[in-house]
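# Overview (structure and organization)
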Amino acid sequence: MVANKSKFKIKNSLVTCFKFVEPRRLHQLYITITLMLISAIFDVITIGSIVPLVATIIGGSVPSFISSVLALLFIDVTSFDANNSDIFFKIFLGFVILIILSTFFRLVAQYSIIWYTNQIGFDITNRLYGNILKQDFQFHVRTNSSEVIATINKVQSLMNGVIAPVLQSISSSIVAIAILVFLIVLNWKIAAVAFVFIALTYLMISYFVRQKLDINSVIIAKAHSDRIKSINEALGNIRELILGDRQMKNYHSFIRTEIGLKNAAVQNGFISVAPKFLVEGIGIIVLLFTAFFLTSSGLPAIEVLPTIAAFAFATQKLLPALQGVFQAWSKVSGNLKLIEDVMSFLTLRINEKKPVRSETGEFKKLSFANVCFHYDNGFEVLKDVNLEITQGKVIGIVGETGSGKSTFLDLLSQLTSPTSGQICVTDENGQELSQSGWQNTIAYVPQSPYFLDQSIINNISLDDGPDKVDMTKIRSIIEVSQLSKVIAELEAGIDTIIGERGAKLSGGQLQRISIARALYADKQVLIFDEATSALDHQTERLLLSSLKKEFADKTVIIITHRSEALVFCNEIYQIENKELKRIK
C-alpha cells in the first residue's frame, strides 16, 4: 500500500511538473526517446554479433535465428570452418562497425538526455520565478524569503535528482527490455531464471529502503531551506553577530543543518549504488549456472561457448541498465519532497490585475471612504479612515511606532485591500484608475532601500542601459537630491561602485541615492517612508526645499517622525488609536 502510494505521488508530481514546460518539450521528448530506442537496438545487435564472432574463432555452430539475420546480409554461416578467413573477416569487421555505431548512438542519446533535462530546468525555473514575482504583496509578507530562494535553488536538485534519473531510467528500461527479449529468443529458460533472480533482488531491496528514502527526502528538502535561512540571517545581521559575539551560535546552527543534509545524502547515495554489487555477484552465478546447464545437457563445449559468450556480453550491458532503473527510482524517492516544494510554488494562483476603467492616466485624486483594516486573527489596525488627497499636494503622516502607518501606506498603494470601506483613485477625466494603473504612478522610497552592487549612476537609473541614461536629467536630480558634494569627493565620481547593499557609503548618502532613483523614475506620486531619517537637519531641509521647488507638480506623501520634514507639508495627518486625524 505504501509503495503504491509512493508511486502515485511520484507519477502525479512528474505529470504536474511537465504541465509547466513549453509545449515543444513534448516533441523533443519523443526525439530523445527515439534516440534511446536506436541506441538500444544497436546494443542488442552488438550482443547478437558476439555469437557468430566467437563461433568463427572456435569453429562452433550459430543459432538458427542469428544465421537467418546474417543471411540477409549475404553472410552464410551455416557451413564454415575456423580457417574460413573471408567469413571471419566479414563478421569481425561487422562487429567493429556495430561497436562504433552503438557507442555513437549511446553518446548522442546521453547528450539528448542531458540537453533535454536542462531545457526542462530552464522552463521550470523561469516559470517558478515569474510566478513568485506575480504574487500579491500579502504573499511576500507571509512567505519567508529564505524559503523562496531555497525553492528556486531546489529546481537544480530537482533536475539532477528527479528529471535526469527518470530519463535515464527510460533509457535503461528500453535497453534492458531489448536485451531480455534477445536472451529469451536465444535461450528462454536461462533468461527467465536470470531475470527472476535479479528482479527479486531489486524488489526486496526496494521494499526495505523505500521508507528511509521518504524520510531522507523530507530532511534534504528542509535542509535546503534551513541553510539559506542561516546564511541570510548571518549576513543580514553581521554587525549584531560580531558585536554580540554570536557568530558561533549561527555557525553551529548551520553545521547541524549540514550534518543532517550530509547524512541523508550519504544514505541515499549508498542505497542507490549498493544493489549493483549484489547483482554483479548474482550475474556471475547466473553465468556459471548457464555454463553448467548447457554442458550438462550433453552439448559439446564448442557448441556451448558462443551462447555463454553472448550471455556474458549481454549481462555486462544488462546489469548497468537494471541498476540505472533502480538508481533512478531511489533518487526520485529520495527527492520526492523537493518535487512537492517546487510544485507548491509553481501551482500558486496568479491574481491578474483587472482594469476597472482606466489602465493609465494622470493621477488627480485619491479618496478613502470609511476604510477599516484588521488582520486575519481579528486584530484591528485602522478604522473608519476618511481622506482625500489631490494632485500636487504634499501630505505628512505621523504616528507612534506600531500605530499603523505602514498598513496605511500598503492600503494607499493598494498592496493590501481594506477589510471594509472603499479606496478610489481617479484621473484627470474623473475615470477610476485600475490597481496597476495607480501603482504605475507611484515611486516608493523606503527607509532601508535595496541597492545594486554597481555604480551610483546604475543605482539611480536602474533598468536603463549606459546608452539610454539621460545625463541631463541625472545631473539635475543629483542637485535636487543633495548628492553633488558627495559625488565630487569620490575618486570615480558617479561611476563609484557602492558595494553590496551600499556598504561603501553612509546611510544618509544611500538615502539620497534612493530619493534620486525615485525622481529619475519620473512618477506622479512620491511616497517617502522615513526616507530622510538618516539625513542631518540641514541636508533634509535643503533636499525637501529643492524637491518642492523643482517638482511642484508631484504629489508627495511623507511618513516621518521628524518635525523638520513636516514644515513643507500642505496637510498633516496623525494616526492615533487606530484613527486618522488631520492636525494641519
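Just so you know, these numbers come straight off a predicted model, no measurement behind them. (Residues numbered from 1 in each chain as written. Predicted model: local features only at pLDDT ≥ 70, side-chain atom pairs only at ≥ 80, totals over all residues. Heavy atoms only, no water.)

Of all hydrophobic cores here, the largest spans 57 residues; its most connected members are I124, I179 and L183. The greatest single-element share of this core, amounting to 23 residues, is contributed by helix α6 (residues 145-236). The residues contacting L183, other than those within four sequence positions of it, are W188, A191, F311, A314 and L318. The next biggest cluster of nonpolar side chains, apart from the first, holds 41 residues, and it includes I456, V486, A531 and L535. (Core = buried A, V, L, I, M, F, W, Y, C linked by side-chain atoms within 4.5 Å. Buried < 20%, exposed > 50% of the residue type's maximum accessible area, 1.4 Å probe, protein only. Helix = DSSP H or I, 4+ residues; strand = E, 2+ residues; numbered from the N terminus. Contact = heavy atoms within 4.5 Å.)

With that settled, the discussion passes to helix α10 (residues 336-346). Of all 11 residues in α10, eight are buried; the element is thus mostly enclosed. Residues of α10 that are buried: L336, L338, I339, D341, V342, M343, F345 and L346.

What follows concerns the packing of aromatic side chains. All told, the structure shown has seven aromatic pairs when counted by the stated rule. Centroid distance F104 to F105: 5.3 Å. Interplanar angle 75°. Geometry classified as edge-to-face. Measuring from centroid to centroid gives 5.4 Å for F373 and Y375, while their planes differ by 85°, and the two rings are edge-to-face. Its relative accessible area of 39% is what places Y375 among the partly exposed residues. Following the ring pairs from residue to residue traces out a cluster consisting of F42, F104 and F105. Lying across the ring of Y520, K473 places its NZ or CZ 4.7 Å from the centre. The aromatic ring of F379 is capped on one face by K578, whose charged end is 5.9 Å from the ring centroid. (Phe/Tyr/Trp six-rings, centres within 6.5 Å; stacked < 30°, edge-to-face > 60°. Lys NZ or Arg CZ within 6 Å of the ring centre and 35° of its normal.)

Right, let's talk about the sheet that holds strand β1 (residues 363-374) for a bit. Sheet architecture is open: three strands sit in the order β2-β1-β4, paired in antiparallel fashion. The two strands at the open ends of the sheet, each matched to only one other strand, are β2 (380-390) and β4 (420-427). With strand direction ignored, the average angle separating the axes of adjacent strands in the sheet is 10°. Summarising the sheet, β1 and β2 pair through seven bridges and their orientation is antiparallel. The partner of H374 across the bridge, within β2, is E380. Sheet contacts for helix α11 (residues 405-412): β1, β2 and β4; angle to β1, the most-contacted strand, approximately 130°. (Pairing = 2+ DSSP bridges. Axes fitted to C-alpha atoms, helices over the stretch in contact; angles between N-to-C directions.)

What follows is about the pairing of strand β6 (residues 525-529). With respect to burial, β6 is a largely interior element, five of its five residues being buried. Residues of β6 alternate between two faces, with V525, I527 and D529 on one and L526 and F528 on the opposite face, all of them buried. Here strand β5 (residues 442-445) pairs with β6 via four bridges, running parallel. Bridge assignment links V445 to a residue of β6, and that residue is F528. As judged from the five bridges shared by β6 and strand β7 (residues 555-559), these two strands associate in the parallel manner. Looking at the pairing, F528 lines up with I558 of β7. Where the polypeptide runs from β6 across helix α17 (residues 537-550) and back to β7, its parallel neighbour, the crossover connection is right-handed. (Right-handed = clockwise from strand over helix to strand, strands pointing away.)

Time to look at the pairing of strand β9 (residues 579-582). Looking along a regular strand, one sees the side chains alternate between the two faces of the sheet. Where strand β8 (residues 571-576) meets β9, four bridges bridge the pair, whose relative direction is antiparallel. Bridged to Y573 within β9 is R582. Linking two consecutive strands that pair antiparallel, namely β8 and β9, is a turn of two residues; a positive phi of about 55° is found at N577 within it.

On average, the protein scores 79 in pLDDT, and the residues at 70 or more come to 84%. Across residues 1-6, where pLDDT falls below 50, the model places three contacts with residues more than four positions away in sequence or in other chains. Below a pLDDT of 50 lies the segment residues 354-358, which in the model reaches 11 contacts outside its immediate sequence neighbourhood of four places, other chains included. (pLDDT = per-residue confidence, 0-100.)

Moving on: the environment of A552. Tracing the backbone through its elements, the reader meets A552 in the loop between α17 and β7. A552 sits 159 residues away from K393 along the chain, and the two C-alpha atoms are 8.6 Å apart. Filtering out sequence-adjacent residues up to four positions away, A552 remains in contact with G392 and L547.

Attention now moves to a nonpolar patch on the surface. Residues F89, L93, I97 and L101 make up a contiguous nonpolar surface patch of about 350 Å² in total accessible area. Tracing the backbone shows F89 in helix α4 (residues 85-133). (Patch = residues over 30% accessible without salt bridge, like charges linked within 9 Å, V, L, I, M, F, W, Y side chains within 5 Å. Areas by Shrake-Rupley, 256 points an atom, 1.4 Å probe, with all protein chains shown as cover. Salt bridge = Lys/Arg side-chain N within 4 Å of Asp/Glu carboxyl O.)

Under the criterion given, the structure shown has nine salt bridges. Put simply, R25 and D123 hold a salt bridge, and the shortest N to O gap is 2.6 Å. On the criterion of sequence distance, the pair formed by R25 in helix α2 (residues 24-58) and D123 in helix α4 is long-range, its members being 98 residues apart. For the pair shown, R25 and D123 are each scored as buried. Between D226 and K222 there is a salt bridge, with the nearest N and O atoms lying 2.6 Å from each other. In this pair, D226 and K222 are both assigned in helix α6, four residues apart and thus about one turn of the helix distant. By relative accessible area, D226 is classed as partly exposed at 24%. Among the residues examined, K222 registers a relative accessible area of 51% and is labelled exposed. Residues joined by salt bridges that share partners form a network here, namely K393, E571 and R582.

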